[in-house]
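# Structural overview
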Amino acid sequence: MRQPYLVALAAFAVVQPLAAQAPSGSESVVVEATFSSPAAGIEAARVYSGQASRLLVDLPRLEETKEMLVDGVLDEPAWRQAALLTGFSEYQPKDGLPAEDSTEVYVWYADHAIFFGVRAFEPHGAVRATLADRDKLTNDDQIQIFLDTFNDRRRALVFLVNPYGSQSDGTRSENGSGGGSNDLSEDFQYQSKGRLTDYGYEVEVRIPFKSLRYESAPVQTWGINVLREVQHSQHEQSWAPLRKGNASMLVQSGKLTGMTKIKRGLVLNLNPTTTTRMPGASVAGSWDYANPKPEFGLNARWGISTNLTLNATANPDFSQVEADVQQNQFDPRSAVSFPEKRPFFVEGSELFDAPNSLIYTRSIGQPVGALKLNGKAAGTSVALLSAVDDKPFSATGSNPVFNIVRLKRDFGAQSTAGLVYTDRMDGANYNRVVGADARYVFSKIWFAFFQYAHSFDRTAGLASSGPLWQAQLDRTGKYYGNSVNLKALSGNFRTRSGFVSRNNQVNGSINNRFTFFGKRGSLFDSYTFSLQLSGNWRYRQFFDGTIPNDPKLHFNNSFNLRGGWKVNANYFLESFKYDQQLYANYYIERTLASGVKDTIPYAGVDRITNHDYSLSITTPQFKTFKFSLNVIGGRDENFEEWAPAYVSFPTATLDWFPTSKIRVNARYPLSLYIRATDHSTVKRRQIPRLKVEYQATRAIFFRFVGQYDAQYRDSLRDVSRTEFPILIRSATTGRFSRAAQVTKNDFRVDWLFSYQPNPGTVIFAGYGASLTEPEAFRFSDLNRTIDGFFVKLSYLFRL
């Protein structure tokens, strides 16, 4: 059984039964140029209808007069001379069809800004819109503007607005081992306003050049595309005809040409902050609050040139206004990461993006000060970060010093190569990682990805080093897709500036995907079937050619139905091998026939085979709500006792919008393990979460978040063999203790008032409390463990 599994992997990888029949990535796209302006419509100077021959937009330069108001009404004379982008086509769920809804986008620029005016016609259903807070437009109709200001077809700035003009923004990057995606963590300064009309909605957007980064050139050429999301049908429509059978979305964009004499001016932002906290705790039987002590900090941003930016921070306040959403950890061998939300780190974060999370800025806990330099010129991006932290990673440490460098170079039409170096020093301890990666795109629908990194670590006098490497080949065809991926991390690979979920592993996977599209108006918009074979080995074991420890075969079915309904039905066949290292401190307290008790090392069964299913359903965005339900069930491994168990993991999510100003999000996840032997409960965890927001204006909102974490674990026993109790040996003291029953019921509440007229200028006032009770969900015997009030003030000076 040494080589047959590898042979099967190789054979499975090249099976492409539909590849010869599927149309190539160069099929023509049917585009309908529709001009459905109302009676008082705008006659644009030039019309660009979203066809391949009309994707070069000669942008008119006009004068921005004092009378110009960003009010959501396109009634100024300048709009009659703007370039008109129209003739949108469908992208989701099926590409290559004329858009069901007509959209007109007017574009022009002046000395200091670029302007967009949008008229979105909606004859088929109601417009979905709320007075949303920033970056909370997921359930709204929206317009997405992509500006590739370096015209490199790899990265774009994204500006999103809903029908009221509420904003969301960020970046889109198409690098690394996966396809592109929008990262909405970064915020930009721009103005937008919208309004509902009898034909749909109208939006006006002004983006200052001061908020953008671009090449230093007398004549600018930028990539451009505009997408429209229609919530009632769950359709996504694009001005540039996007094809699914392409490894890049940005390479299919149009271009804005002929932009000259644009003025960015001085880019210098100063952002002083002050944060005052008043924590509470039980003191001598009574609850008392510490004296409030304000802490001051300063953030600065300097645009050295149009394509190079320097950021600095001193004593920053990196407290998060909203706590991370708790996650169920199904496999205790794998760590869980959380997204970065802190403003200093998210600005320009796409330039620090390194595959396999070799740069993970949340590893910098509480910097005393930090400096960041990033930019791009002539196809090469540079990103440098230095920080002094206040959290040592060992008992003998003091203030760790971070130095992080990321370089990326474009080559070919869409390909990229990169280097990464991270260094964390803490007294005599250090951790350094150096690596290289490349993404090579060819034949439009194929890309190959390669990465190699090596770590050098010394902690408590012990030195170690080890590699990480990955190779991936991916076909992103419209009808047939195939991906072969192999990733390895040595047992000695460690990164203290990045994130590794689990090391000492080699993971291999092969995925074949087949997609079928229904005719317009049919029940099924699309159906996708994928068959994934994967397995993982211990790092050294992989090179011996043995079978994987945890082979998995997944059958996945995804249905997109008419009207925006989504249904998924999957079946998983998996096998897990006993991990001796995970249970190194497990022992059994056995009782002999004589009645004498003794302790012996735990030894689990060699392998557990699982049969699981997953079912999910997601509704379209109705007028006032959206609902999703996902259920995972079947026979799975119980890691607590290393024994088979019947599992149930349902997660229900409801988004409710009773008015345009009120948003309610309710989420209920449950993880339940039932012993297969006697059907008793071994583990249960429930984490219901409720978030209610009232958006008084675009700048002011009130929020309540309540999250309950109810955990129960039965006393552990050797279910798979002897039924004797399990003992846990302490790794520090060597003492044994019974794995007794554990009950934990925590309740967290947070209240917040927020005034944020623009990114950087904020007033936050809030209260948070952590409580506990002996019985779950009783709410009758809650006891505070900690609470506190806080106020944060900051103001953005744009010089």
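Summarised in this report is the structure supplied together with it.

Turning to the overall build of the protein, a few remarks are in order. When helices and strands are tallied, the protein shows three helices and 46 strands. Taking 28 Å as the expected radius of gyration for a compact globule of 799 residues, we find that the protein reaches 28 Å, a close match to that expectation. In terms of its C-alpha atoms, the protein occupies a principal-axis envelope of roughly 100 × 70 × 50 Å. Summarising the internal contacts of the protein: among those between residues at least 6 apart in sequence, 62% fall at separations of at least 24. Only carbon and sulfur atoms are counted for the fraction: they give 58% of the accessible area of the protein, which is about 34,400 Å². Put simply, the protein has 89 plus and 78 minus side-chain charges, and the middle of one group is 3 Å from the middle of the other.

Topologically, Leu-256 is positioned in strand β15 (residues 254-260). On a C-alpha basis, the gap between Leu-256 and Tyr-673 in space is 57 Å, while along the polypeptide they are 417 residues apart. Among residues more than four places away in sequence, those in contact with Leu-256 are Val-57, Leu-59, Ile-114, Leu-147, Gln-220, Thr-221, Trp-222 and Ile-224.

This part covers the packing of aromatic side chains. Applying the stated criterion across every chain, the model contains 44 aromatic pairs. Ring centres of Phe-209 and Trp-222 lie 6.0 Å apart, and the angle between their planes is 80°; on these two criteria the pair is classed as edge-to-face. Separated by 13 residues along the polypeptide, Phe-209 in the loop between β12 (200-208) and β13 (219-230) and Trp-222 in strand β13 bring together distant segments of the chain. The class for Phe-209 is buried, based on a relative accessible area of 0%. Judged by its relative accessible area of 0%, Trp-222 is buried. A ring pair is formed by Tyr-583 and Tyr-602, whose centres lie 5.9 Å apart and whose planes are at 35°; its orientation type is tilted. With Tyr-583 in the loop between β31 (566-577) and β32 (586-591) and Tyr-602 in the loop between β33 (597-601) and β34 (607-618), this residue pair connects regions lying 19 residues apart in the sequence.

All right, on to the pairing of strand β40 (residues 700-713) then. Counting buried positions over the 14 residues of β40 gives eleven, a clear majority of the element. Pairing of strand β38 (residues 681-686) with β40, which is carried by four bridges, proceeds in the antiparallel orientation. Paired with Lys-683 across the strands is Arg-713, a residue of β40. Here strand β39 (residues 689-695) runs beside β40; their pairing, made up of seven bridges, is antiparallel. Considered in β40, the bridge of Gln-695 is made with Phe-701. Hairpin connection between β39 and β40: a loop of four residues separates the two successive antiparallel strands.

With mixed pairing, the six strands of this open sheet are ordered in space as β1-β3-β5-β6-β12-β11. Lying at the two open borders of the sheet, with one neighbouring strand each, are β1 (46-48) and β11 (191-197). Taking the axes of each pair of neighbouring strands and ignoring which way they run, one obtains an average angle of 15° across the sheet. Strand direction decides the pairing type here: strand β5 (residues 103-109) and strand β6 (residues 113-121), joined by seven bridges, are antiparallel. Pairing of Val-107 across the sheet is with Phe-116, part of β6.

Here we come to the environment of Val-749. Within the secondary structure, Val-749 is located in strand β43 (residues 742-758). Residue class for Val-749 comes out buried when judged on its relative accessible area of 12%. C-alpha of Val-749 to C-alpha of Phe-704: the two residues are 45 residues apart in sequence and 7.4 Å apart in space. Ignoring any residue separated from it by four or fewer positions in sequence, one finds Val-749 in contact with Phe-704, Val-705, Gly-706, Tyr-767, Gly-768, Ala-769 and Leu-771.

The two faces of a sheet get side chains in turn, since along a regular strand they alternate between them. Bridging between strand β16 (residues 268-283) and strand β18 (residues 293-305) involves ten bridges; their strand directions are antiparallel. What sits directly across from Thr-276, in β18, is Pro-294. Relative to strand β19 (residues 308-314), β18 runs antiparallel, the two being bridged by seven bridges. Across the sheet, residue Arg-301 finds its bridge partner in β19, namely Asn-311. Taking the residues between adjacent antiparallel strands as the criterion, β18 and β19 are bridged by two residues.

As a further point, take a nonpolar patch on the surface. A cluster of nonpolar side chains, Leu-266, Leu-270, Leu-298, Trp-302, Ile-304, Tyr-795, Phe-797 and Leu-799, forms an exposed patch at the surface whose accessible area comes to about 730 Å². When residues in the nonpolar patch are grouped by element, the largest group, three residues, is from β18. With respect to the helices, strands and loops of the structure, Leu-298 is situated in strand β18. Looking at Leu-298, the relative accessible area reads 40%, which means it is partly exposed.

Now for the sheet that holds strand β42 (residues 736-738). As summarised here, the arrangement of the four strands in space is β33-β32-β41-β42, forming an open sheet in which the pairing is antiparallel. Here the strands that pair on one side only, and so sit at the sheet edges, are β33 and β42. Averaged over all pairs of adjacent strands, the angle between strand axes in this sheet comes to 35°, irrespective of strand direction. Sheet analysis places β32 next to strand β41 (residues 726-729), joined by three bridges and oriented antiparallel. Bridge pairing in β41 links Ile-588 to Ile-726.

Next up on the list: the side chain of Thr-130. Inspection of the secondary structure assignment puts Thr-130 in the loop between β6 and β7 (142-148). Among the residues examined, Thr-130 registers a relative accessible area of 5% and is labelled buried. Once residues within four sequence positions are removed from consideration, Thr-130 is found in contact with Asp-140, Asn-162, Tyr-164, Ser-166, Phe-657 and Ser-660.

What counts and what doesn't
Residues numbered from 1 in each chain as written. Predicted model: local features only at pLDDT ≥ 70, side-chain atom pairs only at ≥ 80, totals over all residues. Heavy atoms only, no water. Helix = DSSP H or I, 4+ residues; strand = E, 2+ residues; numbered from the N terminus. Rg over C-alpha atoms; globule rule 2.2 N^0.38 Å. Contact = heavy atoms within 4.5 Å. Areas by Shrake-Rupley, 256 points an atom, 1.4 Å probe, with all protein chains shown as cover. Lys, Arg positive; Asp, Glu negative; His and termini not counted. Charge placed at Lys NZ, Arg CZ, Asp CG, Glu CD. Phe/Tyr/Trp six-rings, centres within 6.5 Å; stacked < 30°, edge-to-face > 60°. Buried < 20%, exposed > 50% of the residue type's maximum accessible area, 1.4 Å probe, protein only. Pairing = 2+ DSSP bridges. Axes fitted to C-alpha atoms, helices over the stretch in contact; angles between N-to-C directions. Patch = residues over 30% accessible without salt bridge, like charges linked within 9 Å, V, L, I, M, F, W, Y side chains within 5 Å. Salt bridge = Lys/Arg side-chain N within 4 Å of Asp/Glu carboxyl O.

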